[in-house]
Amino acid sequence: MSNTSGPSAGEPDDTMRERGTTSRAKLRALLDADRRAVAAVPLVVVFCSVVVLGQLDPTPLRVAVESSDPIETLAQGLLTAIITGVTLVVTINQLVLSRELGPLGDQRDRMEGSMNFREDVADLLDAPVAPPEPSAFLRALAEGIASRARVVEDTLDADGDADANGDAGTDGDAGDTDDDPTTRVREFAAEVESNADAVAERLEGRQFGTFAVLSAALDLNYSWKIYQAARLRRVHDAEFSAETKTALSELRDALELFGPAREHVKTLYFRWELVDLSRTMFYAAVPALVASIAAVLFLDDPTTITGATLGVSNLLLAVAFVVAVSLAPFAVLAAAVLRISTVAKRTLSIGPFVLRSETREDDLDWES
């Protein structure tokens, strides 16, 4: 979905949901839904599938167990997969933490880079220091962008008043204002202000560690707005006052600061999630190991579990339960990776690049 009006043709929408063709329900499941619920869904599907297939199988599971050892073979395979999978996630966690274990010189460079960036943001906000919390930091930047957009509108109003005073008493046609540079810049500034104010409102009171902080920041389409600001500034340079040109440049500078700030918060969030993932997988691996080992030791004899529940063999229900519990670590991994990979794919580029084909149009106006 893209806009065809405003400062330029082919303009993508501001929010991440509206910029893509993925259905809102699917995107909500990938990003906003509780990861515990996302992990539970495939486990329920697996449990029900095993029960249904067991009921449809013309050879009852109890008969198969008497002639061979399918349960033991399955449980041994799951046991090996659990140990391998948890070991892999621990390795990934080590890679994440290795970034924090560099030599003193690297740590000092990171510190200096962070402090320099915070000073740049403080100068932009005209504040003694930038906020320390990530959500407050991004919110202050978004408010700074909205403030710079209002300054652009104010300079345009001042230019309009000056032109009106200079043309007083003269007659002339108003003409078509669709391509008027002043109208285009005014629409652009109003759009930036509205988008930044909405993001700042969503960030208020949010706590880092939740996806809500990153989700709000992703809805500020700064990359496209940098492109718009640069194009309007260069193409119509001779048609604006010095104050308007300065205001546009300052607005672009504020948008350029939001880019690395959002990427830094995204990186911190990914590390936070991966550390939590390794811990959650360990918690899920313990009952999974117990279930797999119990299946190997105790379910090789079909007389261990007898009877039926609602017409379904209790042995079949026990096997389905073992399979679902054993797959819990992988369901937890899949739920986390789905969110991380979705965010990563939608934020591959930093700067004014349009990577999504659904927001790229042949009539993209970049020459005028």
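Residues numbered from 1 in each chain as written. Predicted model: local features only at pLDDT ≥ 70, side-chain atom pairs only at ≥ 80, totals over all residues. Heavy atoms only, no water.

1. So, the overall build of the protein chain
Formally: Think of it this way: any DSSP run of H or I at least four residues long counts as a helix, any run of E at least two long counts as a strand, and we number them from the N terminus. Burial classes: relative accessible area under 20% of the type maximum marks a residue as buried, over 50% as exposed, and values in between as partly exposed (1.4 Å probe, protein chains only). Whether two residues touch is decided by their heavy atoms; if any such pair falls within 4.5 Å, the residues are in contact. Here the Shrake-Rupley method, with its probe set to 1.4 Å, supplies the accessible areas, and only the displayed protein chains count as covering residues.
When helices and strands are counted, the protein chain shows 13 helices and four strands. Here the protein chain holds 368 residues, and 40% of them are scored as buried. Summarising the internal contacts of the protein chain: among those between residues at least 6 apart in sequence, 79% fall at separations of at least 24. In the form shown here, the protein chain has an accessible surface area of approximately 19,600 Å², with 58% of it arising from carbon and sulfur atoms.

2. With respect to the packing of aromatic side chains
Operational definition: Two rings belonging to Phe, Tyr or Trp (six-membered ring only in the last case) form a pair when the distance between their centres is within 6.5 Å. Interplanar angles under 30 degrees mark stacking, angles over 60 mark edge-to-face geometry, and anything in between is tilted.
According to the stated counting rule, one finds seven aromatic pairs in the structure shown. Taking the centre distance of 5.1 Å and the plane angle of 55° together, the rings of tryptophan 224 and tyrosine 227 count as tilted. With tryptophan 224 and tyrosine 227 both in helix α10 (residues 222-235) and three residues apart, the pair spans about one turn of that helix. The pair formed by tryptophan 224 and tyrosine 227 is uniform in burial state, with each residue classed as buried. Three or more aromatic residues joined by ring pairs make a cluster, and in this case those are Phe211, Tyr269 and Phe270.

3. Focus on a nonpolar patch on the surface
What counts here: Patches here are clusters of residues that have more than 30% relative accessible area and form no salt bridge, with a 9 Å joining cutoff for like charges and a 5 Å cutoff for nonpolar side chains (Val, Leu, Ile, Met, Phe, Trp, Tyr). Only one rule defines a salt bridge in this text: a Lys or Arg side-chain nitrogen within 4 Å of an Asp or Glu carboxyl oxygen.
A contiguous nonpolar patch, built from Phe282, Tyr283, Val286 and Val290 and spanning about 430 Å² of accessible area, is present on the exposed surface. As for its placement among the helices and strands, phenylalanine 282 is situated in helix α11 (residues 242-298).

4. Focus: the nonpolar core
Put simply, the rule is: Nonpolar cores were defined as sets of buried Ala, Val, Leu, Ile, Met, Phe, Trp, Tyr and Cys residues, with membership established by side-chain atoms within 4.5 Å.
Leu138, Leu141, Ile145, Val152, Leu220, Leu251 and Phe258 are the most contacted members of the largest nonpolar core, which has 49 residues in total. Secondary-structure elements contributing two or more residues to this core are α2 (24-32), α6 (104-125), α7 (134-166), α8 (181-203), α9 (211-218), α10, α11 and α13 (328-346). With residues near it in sequence (within four places) discarded, valine 152 still touches Val185, Ala189, Ala247, Leu248 and Leu251. With 16 residues, the next largest nonpolar core counts Val89, Ala288, Val332 and Ala335 among its residues.

5. Considering α8
Helical periodicity: at 3.6 residues per turn, an α-helix aligns residues three or four positions apart in one direction. Going by this rule: Helices are assigned an expected span. That span is 1.5 Å times one less than the residue count.
Along its 23 residues, α8 runs 33 Å from first to last C-alpha, staying within 8% of the 33 Å computed at 1.5 Å per residue. Just beyond α8, the residue with positive phi is glycine 205, at close to 75°.

6. Quick look at a negative patch on the surface
Formally: We treat Lys and Arg as the positive residues and Asp and Glu as the negative residues; His and chain ends play no part in the count. Note that the charge is assigned to NZ on lysines, CZ on arginines, CG on aspartates and CD on glutamates.
Together, Glu66, Asp69, Asp300 and Asp301 line one region of the surface with negative charge. Taking the relative accessible area as the measure of exposure, aspartate 301 reaches 35% and is therefore partly exposed.

7. Concerning the confidence of the model for the protein chain
What counts here: A score from 0 to 100, pLDDT tells how confident the predictor is in each residue.
Summarising the model, the protein chain shows a mean pLDDT of 80, and 82% of its residues fall at 70 or more. Considering only residues more than four positions removed or in separate chains, one finds that residues 1-9, a stretch of pLDDT under 50, has 32 contacts. Segment residues 168-177 is flagged for pLDDT under 50; beyond a separation of four residues in sequence, or across chains, it makes one contact in the model.

8. A word on the pattern of salt bridges
A complete count under the given rule lists twelve salt bridges for this structure. Between arginine 36 and aspartate 34 there is a salt bridge, with its nearest N and O atoms 2.9 Å apart. Of the residues examined, arginine 36 reaches a relative accessible area of 68% and is grouped as exposed. Assessed through its relative accessible area of 37%, aspartate 34 is described here as partly exposed. Two residues, glutamate 143 and arginine 139, come together in a salt bridge whose shortest N-O distance is 3.3 Å.

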